[in-house]
Amino acid sequence: MRYYFLLFFIPLHSFAFSQTGACDLTVSGQILSVETNEPLPFATIRVLKTDLGAIADENGHFVIEKICDDEIDLEVRFLGYKTIVHHHDFHHGNPTIFLAPNETVLESIIIEDQKIDEIRSLSVQRKELDKVDATISSIGQLSADISGVSLLQTGTNISKPIIHGLHSNRVLVINDGVRHAYQVWGEEHAPEIDPSHVDRIEVVKGAATVKYGPDALGGVILYNSKKPAFDKELGGSIGTSYQTNGRAISSQFNLSQGAHRFAWDVGVFGIYQGDLSAPNYTLSNTGRKELGASFHTFLHRKRFDLQISGNYFQQELGILRASVVGNQEDLEDAINDATPETTFPFTYDIGSPGQETEHGLLKADLSVFLGEHTFNIQYAIQRNIRKEFDVRRGDLNERPVIDLELLSHTVDTEWLQPTKGRWNGSSGFQVFTQNSTNEPESNPANFVPDYKVLNLGVFTVQSLDFENTILELGARLDFQNLSVSDEIRETFSYTNELEFVNPTFTLGIRKMINNQVTVFSNIGSAWRPPNVAELYSFGLHQSRLQFGFWRYDLDPNIVTPADSVFDQTLRQVPAEQGIKWISGLEIVKSKTTAEFIVFANRINNFIFLRPYGVTTNIRGPDFPFFIFDQTDALFIGTDWDIRHSHTDFLSSELKVSYVYAQSIERGQPLIEIPPLNIDYTFRQKVGVWNYGINLSYTASQWNEPLVIAPTRLGEADNPVDRNTDIFDFMEVPDSFFLLGAEAGFDINKWSGKIRVNNLLNTEYRQYTDKLRYFANAPGRNISFSVQFTF
């Protein structure tokens, strides 16, 4: 293993603390519109207190040379847009400056690239947010309209991102620069992130394990908050919204201030929602209550930056009451019934089944500048509490069936090397620990045992920059230890300890063909060890009865008794090993920007949950249950994103996403893979008003698995081989078309928006929604939002 670590000493030849010479500094960047992302040609940029300046070219690019000071103030002006002053130092990368029109309440945005910003041969898509969107959307919904991203849902309230067909432990979620530590093993567990403090979403498509660590087989999604701005008077915003479907009321408040070297901001957010409705009936017990708060402080000195921030998020979520069934006959009836049997009048009350979660994050970021070297050190602590409730008799109904507390610590260190000719890069070391415990008396048999995780990782990413070409090479080595312990009914206990060591790599190229066309290609490996639920889960989890690898025995209709564990030496569970190739074409013209991506991802030892049989020892007679299984899987697909400005006031965007997923050894499709989606958005701006129309088509999943009725599962002559076949209980939903519209305004300090989702009140079911067996998706929803900025 020691030979792997030699990789990380290669870049040390450049570690010399050199100082910049006098008046030889250069700053370059681009000026764009915050509304349209279009370049602002011939904008004026000036270095205050000097005679230096520049005029941007027709694409908004500028260069200012012969700068003497390593800290400067850049003033940017463009006719009809708000003038902005940006404090820039040369320890940070070159700025991309988004200016806001005079008549809007939008704020200008500055994004400073790091010396090496992500892996540049991967596809990275960004979405800027406003506070109005945050008051009417969940964190999952905010990311779902990025090309290549869809949602795995348990009803509308619970959603988590899918990137190129992969989700949960295969998509890494980064919250404000920190790996979001939650009970990610649950498909019914959404990231507990307050949407109001998110300013920008970035999606990294590709095997990004080298940079971010295990679990990034599908990609990485980053929810970034905005840094507090320096030299800014005390100000903020307050907003509120109302939604007709669920009669939801939400509000948010932000306050910020900045001195010359110190800035801060704070924010709070809340939502109160009742039962949602499908077009023809109430979706009983689908209420939602959320409360969030955040703060951010930023201290800038000549030799270091220090940021201390934190956020807290609390939620109570109801889960569709009709998803509770007693046996396989009830499940089959629910699938066949047009209307759920369990529906009640609208209420704001939330009963069982449901979830209550809390998540707190506190972190400190320190950047130290030593000559041309930058060292980043981050420490974060997170506390996550999760309680899940099922429908039970008497006082048991008030007691959670799952009651978990998770405490996590992360330490990330990174060295950004000085550029030496064409060579630059970064290297780092990461420590990640978790300790999850079951609260006593929550359940006689815990769904998952207590567990501890220790992950140590060391990485380097190096690149060679030629005139029009970037070559990249990255390598990483990870060590992970998983230890578990559990006591069942005070009569049986077990412990186990697993260790994994795994190297990964990335190799890529990005080449600019001309000023308008760029191509990129990357191949990278990734891995993921089995999580605690895949190994040890036992019993009912929301709407499913499931068993981990070491908690079931196929003999033939029974599972392992609750007071025993399967002999793991008889059933090995190796880590997932993936290799993903992704290539793309980027086109940037004066009126059109486009990105076309193709990818192929082979994952050996792919772990998935599938139906198997019926059991009588947990939930009553003849209840279907699911088991974890492994196979070698192949995912291939494509994403298109095309934006065109028809006029200065009229634009449109077309997005296409498709994923094909198959078990290689079984020759059968995998379950719950997103089908083809085509999305078209049309936007127009007239004075202070802006309008939009969205048309979205989701095809039926034609690569569908075998289907068997739940009542036939236990029959000897059923048409599937449950030991090998991948099958489902329900035919894939039909294709559907959704129409949406919105209208908004920006007048001085006021902004507002009216948005209509599912305008035609279409009845449909989403294939990646786990409650598709029981009810239709929500019908028409009209939301009204208003915000005042001061």
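In what follows, the accompanying structure is described. Predicted, not measured: the structure shown is a model, and the values here were computed from it.

## Structural notes on unusual backbone geometry
Moving on, step 1. The omega angle of the peptide bond from serine 352 to proline 353 is 0 degrees, so this bond is cis rather than trans.
Moving on, step 2. Residue placement: proline 353 occurs in the loop between helix H4 (328–336) and strand E23 (354–370).
Moving on, step 3. One non-glycine residue with positive phi stands out, namely serine 168, at about 55 degrees.
Moving on, step 4. If you trace the backbone, serine 168 turns up in the loop between strand E11 (158–163) and strand E12 (171–175).
Moving on, step 5. Taking the relative accessible area as the measure of exposure, serine 168 reaches 9% and is therefore buried.
Moving on, step 6. Here asparagine 761, not a glycine, exhibits a phi torsion of approximately 55 degrees, which is positive.

## What about the sheet that holds strand E5 (residues 71–77)?
Moving on, step 1. On the basis of which strands lie adjacent, the open sheet formed by 4 strands has the order E3-E2-E5-E6 and antiparallel pairing. Unpaired on one side and paired on the other, strand E3 (53–55) and strand E6 (84–89) mark the two borders of the sheet. Put simply, the sheet's adjacent strands are angled 20 degrees from each other on average, direction ignored.
Moving on, step 2. By the bridge criterion, 6 bridges tie E5 to E6 in an arrangement that is antiparallel. From the neighbouring strand, aspartate 73 faces E6, where its bridge partner is histidine 87.

## As for the side chain of threonine 286
Moving on, step 1. In this structure, threonine 286 sits in the loop between strand E20 (281–283) and strand E21 (288–300).
Moving on, step 2. Given the relative accessible area of 9%, threonine 286 is considered buried.
Moving on, step 3. Not counting residues within four places of it along the chain, the set of residues in contact with threonine 286 comprises Asn157, Gln273, Gly274, Asp275, Leu276, Gly318 and Leu320.

## Thoughts on the packing of aromatic side chains
Working definition: an aromatic ring pair is given by the centre-to-centre distance plus the angle between the planes.
Moving on, step 1. Scanning all chains against the criterion turns up 24 aromatic pairs.
Moving on, step 2. When the centroid spacing of 5.5 Å and the interplanar angle of 65 degrees are considered together, the rings of phenylalanine 78 and tyrosine 81 count as edge-to-face.
Moving on, step 3. When its relative accessible area of 22% is taken as the criterion, phenylalanine 78 is described as partly exposed.
Moving on, step 4. We classify tyrosine 81 as buried; its relative accessible area is 18%.

## Remarks on the sheet that holds E12
Moving on, step 1. Strand order in the open sheet formed by 5 strands is E9-E14-E15-E12-E13, with mixed pairing between adjacent strands. Of all strands in the sheet, those with a lone pairing partner are strand E9 (123–128) and strand E13 (178–179), marking the two edges.
Moving on, step 2. The pairing of E12 with E13 spans 2 bridges and is classified as antiparallel. Directly across from asparagine 175, in E13, lies its bridge partner valine 178.

Cut-offs and rules
Residues numbered from 1 in each chain as written. Predicted model: local features only at pLDDT ≥ 70, side-chain atom pairs only at ≥ 80, totals over all residues. Heavy atoms only, no water. Helix = DSSP H or I, 4+ residues; strand = E, 2+ residues; numbered from the N terminus. Buried < 20%, exposed > 50% of the residue type's maximum accessible area, 1.4 Å probe, protein only. Pairing = 2+ DSSP bridges. Axes fitted to C-alpha atoms, helices over the stretch in contact; angles between N-to-C directions. Contact = heavy atoms within 4.5 Å. Phe/Tyr/Trp six-rings, centres within 6.5 Å; stacked < 30°, edge-to-face > 60°.

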